[in-house]
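Each chain, written out:
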Amino acid sequence: MITAGLIQRYPDRFDAARPMCGVLSGGVATWNTALDSAFAFKTLLAPGSGLQVVNIANPLANLHIAEVALAVAQATPQGRARLALVSALGDGPGWFVPLSPEPAATDFASQEMN
């Protein structure tokens, strides 16, 4: 993003640039998607919890609030359904850690944990 910003701001200083960041395909839209997911998480899983999605004053405390809400949600079918909705809004993957085996297409529990 820095490369793109520099070439846009100072085009007379560069002959060419090769930005390699995928976010450049739509940075605002990409970050808004993440914000949409965070808002959905708070609305569906942590209403009234004090979880902050913007202007986060204490990141560690905020992470703790989110992790507690996540653990509570994973304990019930309703919570897991809400987590699935949050993940679908952000187009979250069902397999995230390449060092772990990829879950089968029908292994929804493992996909949800990912």
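Residues numbered from 1 in each chain as written. Predicted model: local features only at pLDDT ≥ 70, side-chain atom pairs only at ≥ 80, totals over all residues. Heavy atoms only, no water.

K.L.:
What should I look at first to understand the overall build of the protein in this one?
P.N.:
Broken down by element type, the protein carries five helices and zero strands. Going residue by residue from the N terminus, the α and β elements of the protein occur as α-α-α-α-α. Compactness check: the protein gives a C-alpha radius of gyration of 18 Å against a globular reference of 13 Å for 114 residues, more than 25% above the reference. Expressed as a percentage of contacts within the protein between residues at least 6 apart in sequence, the contacts between residues at least 24 apart total 31%. Carbon together with sulfur atoms contributes 63% to the accessible area of the protein, which is approximately 8,500 Å² in total. (Helix = DSSP H or I, 4+ residues; strand = E, 2+ residues; numbered from the N terminus. Rg over C-alpha atoms; globule rule 2.2 N^0.38 Å. Contact = heavy atoms within 4.5 Å. Areas by Shrake-Rupley, 256 points an atom, 1.4 Å probe, with all protein chains shown as cover.)

K.L.:
Even after reading the chapter, I still don't get the packing of aromatic side chains, so can you show me in this structure?
P.N.:
Each aromatic ring pair is specified by the distance between its two centres and by the angle formed by the two planes. Enumeration over the complete set of coordinates arrives at zero aromatic pairs. It is Arg13 that lies over the ring of Tyr10; its NZ or CZ is 4.6 Å from the centre. (Phe/Tyr/Trp six-rings, centres within 6.5 Å; stacked < 30°, edge-to-face > 60°. Lys NZ or Arg CZ within 6 Å of the ring centre and 35° of its normal.)

K.L.:
What's the story with unusual backbone geometry in this structure? I'm lost.
P.N.:
Phi is mostly negative for residues that are not glycine, and the peptide bonds are mostly trans. The phi dihedral of Asn55 falls on the positive side, at around 50 degrees, and the residue is not glycine. Positionally, Asn55 belongs in the loop between α2 (27-45) and α3 (59-74). The exposed category is assigned to Asn55, whose relative accessible area is 72%. (Buried < 20%, exposed > 50% of the residue type's maximum accessible area, 1.4 Å probe, protein only.)

K.L.:
Just checking my understanding: could you explain the nonpolar core for this structure?
P.N.:
Nonpolar side chains tend to gather and get buried jointly when the protein is soluble and globular. In terms of nonpolar packing, the biggest core is built from ten residues, these being Ala40, Phe41, Leu45, Ala46, Leu51, Ala66, Ala69, Ala73, Leu83 and Val86. Listing elements by their share of this core, those giving two or more residues are α2, α3 and α4 (77-89). (Core = buried A, V, L, I, M, F, W, Y, C linked by side-chain atoms within 4.5 Å.)

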